[in-house]
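Architecture and fold: a report
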Amino acid sequence: SVTFPSIKPPKVMHNDDEFLLAANLTEAEMRTELAVVLYQKRKLSMGKAAKLAGIPRIQFQFLLASREIPVNYDVEDLKQDLETLRQLDAEMKH
């Protein structure tokens, strides 16, 4: 019969502060980094990512630009923007 050595799983830190200390980040910095990664992976919209980071959307856009991260903007976003413009135009004419 074959025996395998027991393998212990790596120690997982359970205290959030330990993660922050290990990464040498403040909580705000950690939230910002998470927001950027989730935005890059298209898991969060820009508005939701900015909210997670705790900063205004325009500031989040500047942060992305400073890191040379392109804005996620596709055909569906364009269609939504055009519809919003049509609605605003119709409201202004009334």
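Note that the structure is a prediction, hence the values are computed from the model and not measured. Throughout this description, residue numbers start from 1 for each chain and increase along the sequence as written. With pLDDT at 70 or above as the cut-off, local features in this predicted model cover only qualifying residues; side-chain atom pairs require 80 or more to be listed or tallied, and sums for whole chains, interfaces and linings still use all residues. Excluding hydrogens and water, the side-chain values take into account all heavy atoms of the structure.

**Some remarks on the nonpolar core**
Heads up, the rule is: As used in this record, nonpolar core signifies buried Ala, Val, Leu, Ile, Met, Phe, Trp, Tyr and Cys residues forming a set joined through side-chain atoms within 4.5 Å. Here the term buried applies to any residue with accessible area under 20% of the maximum for its type, exposed to any over 50%, and partly exposed to those in between, with areas from a 1.4 Å probe on protein chains only. Runs of H or I in DSSP of at least four residues are treated as helices and runs of E of at least two as strands, each being numbered from the N terminus. In this analysis, two residues are considered to be in contact whenever any of their non-hydrogen atoms come within 4.5 Å of each other.
Listed in full, the 12 residues of the largest apolar core are Ala35, Val36, Tyr39, Met46, Ala49, Ala50, Ala53, Ile55, Phe60, Leu63, Leu64 and Ile69. Residue assignment for this core shows that the elements contributing at least two residues are helix H2 (27-40), helix H3 (46-53) and helix H4 (57-66). A per-element tally of this core places H3 first, with four residues. If we skip the residues at most four places from it in the chain, Phe60 touches Ala35, Val36, Tyr39, Met46, Ala49, Ala50, Ala53 and Ile55.

**Points about the environment of Glu29**
Tracing the backbone shows Glu29 in helix H2. In the structure, Glu29 is positioned 24 residues away from Ala53 in sequence and 8.0 Å away in space, judged by C-alpha atoms.

These figures come from the coordinates and say nothing about function on their own.
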